[in-house]
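Fold and contact review
Here are the chains, one letter per residue:
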Amino acid sequence: MIYLDNAATTPLAETVLKAMEPYLTSIYGNPSSTHTAGRQARQAVERARRTIATWLDCDPRDLIFTSGGTEADNAALVGAYLGRQQSRKHIVASAIEHHAVLHTLSFLESLGAEVTLVPVDRYGLVDPTDVVRCLRPDTALVSVMAINNELGTIEPVEEMARLVKRHDPQIIVHSDMVQALPVQRIGLVQTDIDMATFSAHKIHGPKGIGLLYVRKHTPWQPLLYGGNQEQKRRGGTENVAGAIGFAAAIDVLASHFDDHVAHLASLRDVFWASLADVPGVHRLSPPDAAPSILNVAFDGVRNDVLLMRLDLEGVMASAGSACTAGSLEPSHVIEACGLGHVREAVRFSFSWQNTIDEIKQAARVVKECVQLIRSRFTVS
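The following paragraphs examine the structure supplied in this document. Note that the structure is a prediction, hence the values are computed from the model and not measured.

**Regarding the packing of aromatic side chains**
- Counted by the stated rule, this structure contains three aromatic pairs.
- Plain terms: the ring middles of F271 and F350 are 5.8 Å apart, the flat faces sit at 70° to each other, and that makes the pair edge-to-face. Linking F271 in helix α9 (residues 257-275) with F350 in the loop between β14 (346-349) and α12 (356-376), this pair joins segments that are 79 residues apart in sequence. Here F271 matches F350 in class, with each residue buried.

As structure tokens, then:
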């Protein structure tokens with residue numbers, strides 16, 4: 001199997017698993033308990049929080065462990081809206097946000113929020129000045145992702161946040177940084193970003209653990225109640241092993257960051273060079289996209305057909321959108337870009353565990369599958 005769907009999830013690193021094992025077996029106390037076993041677990045969670053905060057360059061007290069990126073996005077948006085509900089009901093976001101953001105915004109509309117979606121260019125790039133033009137006196141929140149999960153487009157979120165704060169310092173700025181974590185050095189304290197979301201399983205950490213960054217003094221209300229965990233900002237017993245795994249994955253990322261990013265760029269470039277001579281191939285990702293993601297389309301080749309054929313040949317990829325009852329939904333990202341390949345776009349995404357030999361073999365398989373499909377099917 002050649003796994004090229006790392007934007008969806010990455011394999012758990014062996015060192016991460018080893019770091020987690022004691023907290024799945026022998027160190028089992030509840031972090032809220034005051035006895036020795038509970039204190040051991042609490043200390044481990046706080047060490048993990050400090051480790052991650054050091055890499056993200058933020059105050060550990062501003063980090064809230066969640067069940068993943070989706071919960072973190074939900075908590076950020078709903079919490080910010082509730083924190084400003086009495087005075088501000090307008091929210092601005094890009095048209096290509098992850099569904100964890102867009103569907104949450106739809107929910108907030110049912111509560112009375114008014115949402116403006118900012119258009120993007122053909123590469124999915126958001127213009128910060130377009131964001132500012134959408135602002136109103138009652139704007140509560142702006143949410144723009146750092147890297148798009150389908151195209152790999154790197155968004156100018158720091159510039160956007162700076163312009164938004166210059167326009168109105170009271171507007172809360174949020175960024176979904178789930179796809180940025182593997183490939184960008186993120187210094188939160190140096191930015192005007194008030195809230196950011198992260199997930200461990202994009203960097204060879206465990207599933208089921210994420211982070212919400214909420215800068216001190218940001219008007220925000222918790223989403224989950226029931227206990228005093230996470231400084232009363234998220235009720236529920238902490239996922240101790242998950243937090244340890246997240247920190248262990250951060251340790252691996254930080255210690256090899258430059259080499260990993262360079263390796264990703266090599267994988268992406270070799271893969272594209274191997275496909276570029278296929279007739280009717282289109283590179284949908286921008287030239288300066290994140291090195292972890294390459295989105296391509298082949299004229300006359302439906303992405304659902306290609307993905308099934310690749311799966312049979314042992315190559316795992318994605319269309320970057322949900323599959324329901326065997327019918328692939330058109331990508332809202334590709335549609336927003338006006339690229340015209342909504343039924344053909346396929347996302348290949350890489351991690352530091354992939355090898356050049358794998359990439360070359362995968363490219364050969366893709367080319368063979370495209371040729372086979374074109375000989376039998378046409379896009380309808």
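**Examining the pattern of salt bridges**
- Here the structure, examined in full by the defined rule, presents 18 salt bridges.
- Among the ionic pairs, R42 bridges to E238, the shortest N-O distance being 2.7 Å. Here R42 is found in helix α2 (residues 36-56), whereas its partner E238 is found in the loop between α7 (229-232) and α8 (240-255), with 196 residues between them in sequence.
- Using a relative accessible area of 24% as the deciding quantity, one classes R42 as partly exposed.
- Measuring nitrogen to oxygen at the nearest pair gives 2.7 Å for the salt bridge that ties D269 to R268.
- Salt bridges linked by common partners bring R42, E46, R49, E230 and E238 together as one network.

**Structural notes on the sheet that holds β14**
- Within the open sheet, the three strands sit side by side as β9-β10-β14. Their pairing is antiparallel. Bordering the open sheet on either side are β9 (281-283) and β14, each of which pairs with just one other strand. This sheet shows a mean twist of 30° between the axes of neighbouring strands, independent of strand direction.
- Note: β9 against strand β10 (residues 293-298), three bridges, orientation antiparallel. By the bridge assignment, H282 is partnered in β10 with A297.
- Across the face of the sheet, α9 comes into contact with β9, β10 and β14 while running at roughly 10° to β10.

Quick notes on the rules
- Residues numbered from 1 in each chain as written.
- Predicted model: local features only at pLDDT ≥ 70, side-chain atom pairs only at ≥ 80, totals over all residues.
- Heavy atoms only, no water.
- Phe/Tyr/Trp six-rings, centres within 6.5 Å; stacked < 30°, edge-to-face > 60°.
- Helix = DSSP H or I, 4+ residues; strand = E, 2+ residues; numbered from the N terminus.
- Buried < 20%, exposed > 50% of the residue type's maximum accessible area, 1.4 Å probe, protein only.
- Salt bridge = Lys/Arg side-chain N within 4 Å of Asp/Glu carboxyl O.
- Pairing = 2+ DSSP bridges.
- Axes fitted to C-alpha atoms, helices over the stretch in contact; angles between N-to-C directions.
- Contact = heavy atoms within 4.5 Å.

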